[in-house]
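Structural description and commentary
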Amino acid sequence: MNHQELSRDLKELLTLRWSPVAVRLLKHGEEKPANVFEPSVPLRHCQAITAARRGNSIYMPPAKHACPDGSAIMGLIPMSPKLRSGELYLLFKKLPNIEIARKMIASRSEFATGTYRASVVAPLEDAEFTPDVVIFTLYPEQAMWCCCASSYGSGDRQVFNTSGFNSTCSDLTVQVMKSQRMNISFGCYGARAISDISDFETYLAIPYDQLPALIESLKKLAVKSIPEARRKIYMPPVIDNVSGPEQQEGCHVSVRIQQDRCNGCELCVAFCPDAVLEMRETENGPKAVAVAEEKCSSCYTCVGQCPQKAIQLEQRAN
Ligand code: SF4
Ligand code: SF4
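Being a predicted model, the structure only gives us computed values, none of them experimental. (Residues numbered from 1 in each chain as written. Chains lettered and ligands numbered in written order. Predicted model: local features only at pLDDT ≥ 70, side-chain atom pairs only at ≥ 80, totals over all residues. Heavy atoms only, no water.)

Structural notes on helix H8 (residues 167-179)
What counts, and what does not: A run of H or I in DSSP counts as a helix once it spans at least four residues, and a run of E counts as a strand once it spans at least two, with each numbered from the N terminus. One fewer than the residue count of a helix, multiplied by 1.5 Å, yields its expected span. Throughout, exposure labels follow a simple rule: accessible area from a 1.4 Å probe, protein chains only, divided by the maximum for the residue type, with under 20% read as buried, over 50% as exposed, and the rest as partly exposed.
Over its 13 residues, H8 runs only 15 Å from end to end, short of the ideal 18 Å by more than 12%, given 1.5 Å per residue. Buried residues dominate H8, accounting for eleven of its 13 residues. If you check which residues of H8 are buried, you get Ser167, Thr168, Cys169, Ser170, Asp171, Leu172, Thr173, Val174, Gln175, Val176 and Met177. Note on H8: the residue one or two positions beyond its end, Gln180, has a positive phi of about 55°.

Below is the structure:
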């Protein structure tokens with residue numbers, strides 16, 4: 001696969017702020033890929049992902065991993081007894097007792113010690129290796145379109161697996177490699193405290209092999225759904241002036257259709273879920289008219305879909 005094209009498509013379709021990050025765990029005997037460099041100081045896996053989405057291609061053997069939890073979870077080093085027991089989670093006051101800490105640790109995805117010998121991360125467009133997973137740092141709206149794109153080809157619901165702990169190592173790397181399913185994770189204590197992920201960003205990871213199918217579905221969604229939702233086409237003109245329940249008695253919706261603008265395309269009739277609208281023949285050709293305003297739910301679909309901007313809704317008391 002051409003990584004530059006994949007990255008360009010993803011950035012354009014999702015309007016990503018950051019490069020998607022290619023991640024690979026190297027097995028014993030596997031050569032270091034070309035054009036990746038050891039950082040001058042040890043980094044956490046979450047920090048390496050931050051550096052990679054900013055343009056750095058990084059090779060990290062165990063000695064360059066700063067997080068003992070993350071590197072053990074990815075099978076690079078043995079887990080420290082204090083981390084394995086859950087003791088440290090109590091000291092940080094992240095969990096209430098040792099039983100719950102043990103349960104959380106036992107349920108997360110890990111690789112056995114020694115499964116891998118190093119990690120490599122790079123901006124997808126620069127990766128000269130085959131990634132195991134690709135990790136996105138994105139906004140929830142962009143993650144939503146990845147979910148839609150994933151459901152687009154299968155009809156399946158997306159199921160996510162996270163605990164709020166061990167985000168980039170367990171949830172986004174090991175979990176996705178093992179399950180071969182997309183996952184969303186919101187960062188964790190360490191990742192939020194030590195990397196530049198903003199409060200409004202989240203993480204999503206997908207098996208590398210599934211990127212082309214995701215991109216094809218995103219291209220289909222970009223024809224209509226993505227730009228329409230981003231233009232907020234169903235937004236009522238004044239949404240911050242919602243009256244209280246006592247004022248809603250007898251409220252009536254008028255569907256105003258400017259006949260001189262209507263070109264008779266019938267889109268409003270087709271999209272209206274409640275048969276409020278019909279086409280009528282007039283001396284100026286077919287025009288849309290409202291025939292059952294009492295059925296109108298105020299969904300604003302006709303307003304958003306009309307290419308002529310011919311429709312407006314008017315809410316008024318009877
Ligand atoms: S969508 Fe607009 S232009 Fe098309 S028929 Fe309805 S009102 Fe007329
Ligand atoms: S607002 Fe919704 S229910 Fe009302 S006429 Fe338009 S499409 Fe139909």
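Some thoughts on the domain arrangement of the protein chain
Interfaces are often sized by the amount of accessible area the parts lose when they come together. We apply this condition: For the domain bounds, the source is a domain assignment made automatically or taken from a database.
What the domain assignment lists for the protein chain is domain 1 (3-228) and domain 2 (245-317). Here the C-alpha centroids of domain 1 and domain 2 sit 47 Å apart.

Things to note about the packing of helix H2 (residues 45-53) against H8
How we decide: Fitting a line to C-alpha atoms yields each axis, with helices limited to the stretch in contact; the angle taken between N-to-C directions then spans 0 to 180 degrees. Geometric relationships in this document are graded by angle, where less than 35 degrees denotes roughly parallel, more than 145 denotes roughly antiparallel, 65 to 115 denotes roughly perpendicular, and other angles denote oblique. Working rule for contacts: check all heavy atoms of both residues, and any pair within 4.5 Å makes them a contact. Any residue that is not Ala, Val, Leu, Ile, Met, Phe, Trp, Tyr, Cys, Pro, Asp, Glu, Lys or Arg is counted as polar, Gly included; the first ten are nonpolar and the last four charged.
Following both chains from N to C, one finds H2 and H8 inclined at 70°, their axes separated by 8 Å at the closest point. Taken together, the axes of H2 and H8 are roughly perpendicular relative to one another. Every residue of H8 that contacts H2 at His45, Cys46 and Ile49 is listed here: Thr168, Cys169 and Thr173. Partitioning the contact of H2 with H8 into residue classes produces three nonpolar, three polar and no charged.

Examining the nonpolar core
Here is the rule we go by: Buried Ala, Val, Leu, Ile, Met, Phe, Trp, Tyr and Cys residues that are joined via side-chain atoms within 4.5 Å together make up what is termed a nonpolar core.
If you look at the biggest cluster of nonpolar residues, it comprises 34 residues, and the most contacted ones within it are Leu10, Leu14, Phe136, Leu204, Leu211, Leu214 and Leu218. Elements with a contribution of two residues or more to this core: helix H1 (3-14), strand S1 (21-26), strand S3 (118-123), strand S4 (133-138), helix H7 (140-154), strand S6 (202-207) and helix H10 (211-221). Discounting chain neighbours no more than four positions away, the residues touching Leu10 are Thr15, Leu16, Pro20, Leu124, Phe136, Leu211, Leu214, Ile215 and Leu218. Formed by 32 residues, the second largest nonpolar core is a distinct cluster that contains Ala52, Ile135, Cys169 and Cys188.

Re the side chain of Gln175
Counting through the fold element by element, Gln175 comes out in helix H8. Assessed through its relative accessible area of 12%, Gln175 is described here as buried. Leaving out residues up to four positions away in the same chain, Gln175 has contacts with Ser109, Asn161, Ser170, Gln180 and Asn183.

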